[in-house]
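A look at the structure
Residue strings, one per chain:
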Amino acid sequence: MRTAYVGVYETWADWEIGHLLVELRTGRFTGEQWNIVTVAESAEPVTTMGGLRIVPDMVLADLDPDQADLLVLAGSARWDEGEGEAFTKMAQRFLEAGVPVAAICGATAGLARAGLLDDRKHTSAVKEYLLATGYQGGDNYVDERAVVDGDLITAGPDSPVQFARAALHRLGLASEEKLDAYEGVFHRADPSAYPALVG
């Protein structure tokens, strides 16, 4: 069984990676269940932006990229405060080991500050958000909901479904046809599909 390691920290944006974690853990859409392991800088509990209390499964110092299949980093107010260096260093180790890293929202700013986006295609909330970090990767910014460049998956805060889709595609867990259907479930154009929401 493959394992996804999920970085957790104070004000962790729980909703941003929910779609991805559910599909990996249950395998209900892909047919393959994954282990989900939360990892933090210390063993102390953290509180998510939504108020959930998480006790990490392990500490970052014990994480070995060679024993992992994916690193997932969600947004947090901490990234905008310039924190998260321990996680960006781990992300660099993952990428150097050829293990995928999936980062969304504020986590992309952390990767930008660390120079990990300078030479890779990527996206985020908006280009200006990353330019404010002082990074040198502006020419590689792609104005899309989610972007995959080799082992790096990035997305903006308004794209948790596309983030999940991109990661599932990179991990080879579903065909394009199946992924189209998956994304379509969350983006139906016809409001009559949701009778409780219309008049």
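Residues numbered from 1 in each chain as written. Predicted model: local features only at pLDDT ≥ 70, side-chain atom pairs only at ≥ 80, totals over all residues. Heavy atoms only, no water.

Let's shift gears to the overall build of the chain. Check the secondary structure of the chain and you find seven helices and nine strands. Relative to its length of 199 residues, the chain is compact, with a C-alpha radius of gyration of 16 Å against a globular reference of 16 Å. Dimensions of the chain, computed from C-alpha atoms along their principal axes, come out at roughly 50 × 35 × 30 Å. Within the chain, the proportion of its 199 residues that are buried is 48%. Within the chain, residue pairs in contact and separated by at least 24 positions form 61% of the contacts whose partners lie at least 6 positions apart. (Helix = DSSP H or I, 4+ residues; strand = E, 2+ residues; numbered from the N terminus. Rg over C-alpha atoms; globule rule 2.2 N^0.38 Å. Buried < 20%, exposed > 50% of the residue type's maximum accessible area, 1.4 Å probe, protein only. Contact = heavy atoms within 4.5 Å.)

Moving on, we get to the packing of aromatic side chains. A full pass over the atoms with the stated rule returns four aromatic pairs. Note on F29 and Y182: the rings are 4.7 Å apart at their centroids and 45° apart in plane angle, and the pair reads as tilted. Residue F29 is found in the loop between α1 (18–26) and β2 (35–40), and its partner Y182 is found in helix α7 (residues 176–186); the two are separated by 153 residues along the sequence. The pair F29 / Y182 is uniform in exposure class, with both members buried. Relative to F186, the ring of Y182 lies with its centre 5.3 Å away and its plane at 70°, an arrangement referred to as edge-to-face. Of this pair, Y182 and F186 both sit in helix α7, separated by four residues, roughly a single helical turn. Of the residues examined, Y182 reaches a relative accessible area of 4% and is grouped as buried. By the ring-pair criterion, three or more aromatic residues cluster together here, those being Y9, W79 and F87. (Phe/Tyr/Trp six-rings, centres within 6.5 Å; stacked < 30°, edge-to-face > 60°.)

Among the eight residues that make up helix α4 (residues 106–113), seven are buried, leaving the element largely enclosed by the rest of the structure. Looking only at α4, the buried set comprises G106, A107, T108, A109, G110, L111 and A112. Each element contacted by the buried residues of α4 is listed here: β6 (70–73), α2 (77–80), α3 (85–96), β7 (101–104), α5 (127–131) and β9 (152–155). At the C-terminal side of α4, G115 shows a positive phi close to 85°.

We now examine α3. With 12 residues, α3 should reach 16 Å at 1.5 Å per residue; the first-to-last C-alpha distance of 16 Å fits that figure. Every buried residue of α3 is listed here: F87, T88, M90, A91, F94 and L95. Down the axis, α3 shows its buried residues gathered within 160° of arc, on one side only. Summarising the geometry of α3, the exposed residues directed more than 90 degrees from the buried face are E85 and E96. Two residues or fewer after α3 comes G98, characterised by a positive phi angle close to 75°. (Expected span 1.5 Å × (residues − 1). Arc of directions from axis to C-beta.)

Applying the stated criterion to the full structure yields eight salt bridges. Among the salt bridges present, the one from E83 reaches R78, with a minimum N-O distance of 3.3 Å. The exposure class assigned to E83 is partly exposed, which follows from its relative accessible area of 36%. Since its relative accessible area comes to 33%, R78 is described here as partly exposed. (Salt bridge = Lys/Arg side-chain N within 4 Å of Asp/Glu carboxyl O.)

This paragraph deals with unusual backbone geometry. For residues other than glycine, phi is negative in most cases, and the peptide bonds are mostly trans. You will see that T11, though not glycine, has its phi angle at about 60°, which is positive. Notably, C105 is not glycine yet its phi reads approximately 55°, a positive angle. Locating C105 in the fold gives a position in the loop between β7 and α4.

Let us look at the packing of helix α6 (residues 160–170) against α7. It is at 10 Å that the axes of α6 and α7 come closest, and there the two elements cross at 165°. When the axes of α6 and α7 are compared, the pair comes out roughly antiparallel. Seen along the crossing, α6 lies across α7 with a hand that is right-handed. Along its contact with α6, which presents V161, Q162, A164, R165, L168 and H169, the element α7 presents E176, L179, D180, Y182, E183 and F186. (Axes fitted to C-alpha atoms, helices over the stretch in contact; angles between N-to-C directions. Parallel < 35°, antiparallel > 145°, perpendicular 65-115°, else oblique. Left-handed = near helix turned anticlockwise from the far one by under 90°.)

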